[in-house]
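These are the residues of each chain, in order.
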Amino acid sequence: MTAITLTPGAMSLAQLESIYWNEPDIRIDPACRPGIDAAAAIIAEVVAGDAAVYGVNTGFGKLASVKIAPRDAATLQRNLILSHCCGVGAPVPERTVRMMMVLKLLSLCRGASGVRFELVTLLEQMLARKVIPVIPAQGSVGASGDLAPLAHMTAVIIGEGEAVHEGQILPGRAALEAAGLEPIALGPKEGLAFINGTQFSTAYALGELFETWRCAENALLISALSTDAIMGSTAPMRPEIHALRGHRGQIEAASAIRALMEGSAIRESHREGDTRVQDPYCIRCQPQVTGACIDLLRQVGTTLEIEANAVTDNPLVIVETGDVISGGNFHAEPVAFAADQIALSIAEIGAISQRRIALMVDPTLSFDLPPFLTPKPGLNSGLMIAEVTSAALMSENKQRANPCSTDSTPTSANQEDHVSMAAHGARRLADMNDNLGRILGIEMLCAAQGIHFRAPLKTSAPLARVMDVYRQDIAVLTDDRYMAGDLEKSAELVRTRALVNASGIQLIPPLGAERHVSP
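Notes on the structure in this doc start here. Source: prediction; values computed, not measured.

Definitions and cut-offs
- All residue numbers here refer to positions counted from 1 along the written sequence of the relevant chain.
- Local features in this predicted model are restricted to residues whose pLDDT is 70 or higher, and side-chain atom pairs enter the listing and the counts only when it is 80 or higher, whereas totals over whole chains, interfaces and linings include all residues.
- Based on all heavy atoms of the structure, the side-chain values leave hydrogens and waters out of the count.
- Between Lys or Arg on one side and Asp or Glu on the other, a salt bridge is scored when a side-chain nitrogen of the former is within 4 Å of a carboxyl oxygen of the latter.
- Starting at the N terminus, helices and strands are each numbered in turn, a helix being any DSSP run of H or I of at least four residues and a strand any DSSP run of E of at least two.
- With a 1.4 Å probe rolled over the protein chains alone, any residue whose accessible area is under 20% of its type maximum counts as buried; one over 50% counts as exposed, and the rest are partly exposed.
- For our purposes a nonpolar core is just a set of buried Ala, Val, Leu, Ile, Met, Phe, Trp, Tyr and Cys residues, chained together by side-chain atoms within 4.5 Å.
- We call two residues in contact whenever any of their non-hydrogen atoms come within 4.5 Å of each other.
- Any two strands between which DSSP finds at least two bridges are classified as paired.
- Comment: axis = line fitted to C-alpha atoms, over the contacting stretch for helices; angle = value between 0 and 180 degrees taken between N-to-C directions.
- An angle counts as roughly parallel when it lies under 35 degrees, as roughly antiparallel when it exceeds 145, as roughly perpendicular when it falls between 65 and 115, and as oblique in every other case.
- Crossing handedness follows the turn of the near helix against the far one: under a right angle anticlockwise gives a left-handed crossing, and clockwise gives a right-handed one.
- Following the grouping adopted for this structure description, the nonpolar residues are Ala, Val, Leu, Ile, Met, Phe, Trp, Tyr, Cys and Pro, the charged ones are Asp, Glu, Lys and Arg, and the polar ones are all others, Gly among them.
- Whether two aromatic rings pair depends on their centres lying within 6.5 Å, for rings of Phe, Tyr and Trp, where Trp uses its six-membered ring; planes under 30 degrees apart make the pair stacked, over 60 edge-to-face, and the rest tilted.
- Charge-over-ring contacts are defined here by two conditions on Lys NZ or Arg CZ: a distance within 6 Å of the ring centre and an angle within 35 degrees of the ring normal.

### Quick word on the pattern of salt bridges
Okay, step 1: By the definition in use, this model includes 19 salt bridges.
Okay, step 2: In this structure, Arg298 engages Asp295 in a salt bridge whose closest nitrogen and oxygen atoms are separated by 4.0 Å. On the criterion of helical spacing, the pair formed by Arg298 and Asp295 is a turn pair, its members being three residues apart in helix α14 (residues 286-308).
Okay, step 3: On the accessibility criterion, Arg298 (10% relative accessible area) is buried.
Okay, step 4: For Asp295, a relative accessible area of 17% corresponds to the buried category.
Okay, step 5: The shortest N-O distance in the salt bridge between Glu492 and Arg495 comes to 3.4 Å. Placement of both Glu492 and Arg495 in helix α19 (residues 484-495) is noted, with a separation of three residues, approximately one turn of the helix.
Okay, step 6: One continuous salt-bridge network, built from bridges that share partners, spans Arg248, Glu252, Asp295 and Arg298.

So, in C-alpha cells, the structure goes:
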C-alpha cells in the first residue's frame, strides 16, 4: 500500500491503525529535521559547559547526583543501554515491535529529545529494510518509561542485542549489515532519549485497541444472528428507546442490529402469537452493554492518539528557550488507565456473548431449539462442551480485567517510587482478546446452528451472506465430531473481519473517524 509519512504531533488514529494492520512503508517528514538539529545543538552546548544536566552529564535514577566527565559521555550512553537490557520472557510480536519503532520515531521527530538526525534516519531505515529488534516482553513497570524493552530496541542501533531479518534471528550488528546498514555510537543524552518513553506500553495498547474494536464489530453482527436464532424480539432495538437515553455507542449498536435483522422471515414469523413478553437481558440489553463498550473504546482511542504523538522521554529540550528540563512525561499513567478500560470492554463483550451461548444451548430458554443444538440429543452432546469452554474463557477474562493501574511498587532505590504498571496492563490484553475472539467464535457456531434449525424460515439478507461465508469453512453439525478445529476456524473468521465484511453493512463508524490531535 501507499507509504505513510510520519507527521510528528499530528498522526491520526486511522493512520496508526493502518500501520498496525497493513505494515506500510514508513517515511519521516523531512520538515522535522530543523527541529531535531536544533535540539541536538543545544545538547552539544550543554556538554561543553559546566552545568549538571540530568542524563547528559550525570548518572541516572538514584545516581543522578554523580557528575560525568565529557570524555565519558559516549561510554555513559552505551553503558546505559547495555545495563538496561534486562528484559525476560517471550519475544514481543513483530507487529507490535514495528509499532514501537514508529512511535519512537514520532516522539524523536518532535525535536525535543536532543538526538542527532542520523539516529532517527537509522531507525527509519531499520523499518524500511525490515530489521526488527528482538524484545523480551517482560521487565517494564511503566516508569521511568519502558526502560528494558526500549533498551533492547536501542541495542540493535549500536550493534548489540538481536534482531529478526528475513526470517532469521541474528546478532544486532549482523542484522544491520545484512540489511546494508551500520550501527551508530550514541552521543550525549541519546541513549536516554531512546529508552525513556512509553512506546512499548502504547504500542501494545494501540494494537489491542484495534483488535478489541474488531471484536466489538463482530459482537454486534453475531449477536444479531443469535437474536434471530432464538427468535428474539427486535422491539428493544427501536430508535426511540435509545434516543431517550442518548449514549452514542448504544444508539449505534441498536441501529446496527436493526439493519442486520431487517427483512428476516424468522423475525416476522413470531410477531404475532408469541407468548414471551420479554427476552433475557443478553438479548434485550445488547445495545446498552456493547454500546457502552464502544463508547469506552472511543475514549481510549482519544487517549492513545494523543500519547502516540507525545514526547515522553526525559529531560526535554525546549528549543525556543534553550532550556533542558527534567520532568515526568515518561510516567505511563494515561496508558495504564487506557489499558484497564480496554480490559473492561473485552471482559464485558465476552460476558454478554457467553450468556447468549448459554441461552442457545438451553432448550428451556432457546424457544424450541434442540438441547445443545444437536439433532440427536442424548446420543450426541452437540455444543455442550463448547459452551463450557466459552464459560472458562469468560471467567479468565473477568479475572484479568482487574485493574493494573492501581498497583505500584517503588523501584531504583525509591527514586522511582510510584509507577504505572502500564506495560503488563497493556500486554495482558493480547491474551484477553484471544479469549474474546474464541468466545465470539463459539457464539457464531451456536447461532449458525440455531439458524439452521429454523429452516425453512430464512434470516435476513445481510445475515444470510454472513452464513454463506461461514459455511464455506464450517459445516452444519449433525453427528458429533472433533470440535477443536471448528472452534479455531470460527475464531479466525472473527479475527480476520471476514464475517463483518460479508454482511455488506458498515455497522459502526471506524474507530479513527474523529481526530484528537491537530494536523
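### Focus: the nonpolar core
Okay, step 1: Leu6, Met99, Met126, Leu206, Phe210, Leu383 and Met444 are the most contacted members of the largest nonpolar core, which totals 147 residues.
Okay, step 2: At 17 residues, the largest contribution of residues to this core is made by helix α9 (residues 199-229).
Okay, step 3: Apart from the residues lying within four places of it in its own chain, the contact partners of Phe210 are Leu13, Leu16, Glu17, Tyr20, Trp21, Met99 and Leu511.
Okay, step 4: Core analysis: the next-biggest nonpolar cluster, separate from the first, contains nine residues, Ile42, Val46, Val53 and Val56 among them.

### Focus: the pairing of strand β6 (residues 162-165)
Within a regular strand, the side chains alternate between the two sheet faces.
Okay, step 1: As judged from the two bridges shared by strand β4 (residues 132-133) and β6, these two strands associate in the antiparallel manner. Looking across to β6, one finds that Ile132 is bridged to Val164.
Okay, step 2: Relative to strand β7 (residues 168-171), β6 runs antiparallel, the two being bridged by four bridges. When the sheet's bridge partners are listed, His165 is paired in β7 with Gln168.
Okay, step 3: Linkage of β6 to β7, two consecutive antiparallel strands, is achieved through a turn of two residues, within which Glu166 is found at a positive phi near 50 degrees.

### Remarks on the packing of α9 against helix α17 (residues 422-453)
Okay, step 1: Interaxial distance between α9 and α17 falls to 9 Å at its minimum, and their mutual angle equals 15 degrees. As the angle between them shows, α9 and α17 are arranged roughly parallel. Taken as a pair, α9 and α17 cross one another with a handedness that is left-handed.
Okay, step 2: Counted by class, the contact of α9 with α17 contains 19 nonpolar, eight polar and five charged residues.

### Points about the packing of aromatic side chains
Okay, step 1: Inspection of the entire model under this criterion finds three aromatic pairs.
Okay, step 2: With a centroid separation of 4.9 Å and 75 degrees between ring planes, the pair formed by Tyr20 and Trp21 is classed as edge-to-face.
Okay, step 3: The partly exposed category is assigned to Trp21, whose relative accessible area is 23%.
Okay, step 4: Clustering of aromatic rings is evident, with ring pairs tying together Tyr20, Trp21 and Phe210.
Okay, step 5: Positioned above the aromatic ring of Tyr20, the side-chain terminus of Arg95 is 5.1 Å from the ring centre.
Okay, step 6: Positioned over the ring face of Phe367 is Arg276, at 3.6 Å from the centre of the ring.

### Some words on helix α6 (residues 147-157)
Okay, step 1: Of all 11 residues making up α6, 11 are buried, and the element is well covered by its neighbours.
Okay, step 2: For α6, the complete set of buried residues consists of Leu147, Ala148, Pro149, Leu150, Ala151, His152, Met153, Thr154, Ala155, Val156 and Ile157.
Okay, step 3: In the segment just after α6, Gly159 is the residue with positive phi, at about 85 degrees.

### Quick notes on the packing of helix α4 (residues 94-108) against helix α5 (residues 117-128)
Okay, step 1: Running from N to C, α4 and α5 cross one another at 155 degrees; their axes reach a closest spacing of 10 Å. When the axis of α4 is compared with that of α5, the two are roughly antiparallel. The interaxial crossing formed by α4 with α5 has left-handed handedness. In this structure, α4 contributes Arg98, Met101, Val102, Lys104, Leu105 and Leu108 to the contact, and α5 contributes Val120, Leu123, Glu124, Met126 and Leu127.
Okay, step 2: Class assignment for the residues of the contact of α4 with α5 results in eight nonpolar, no polar and three charged.

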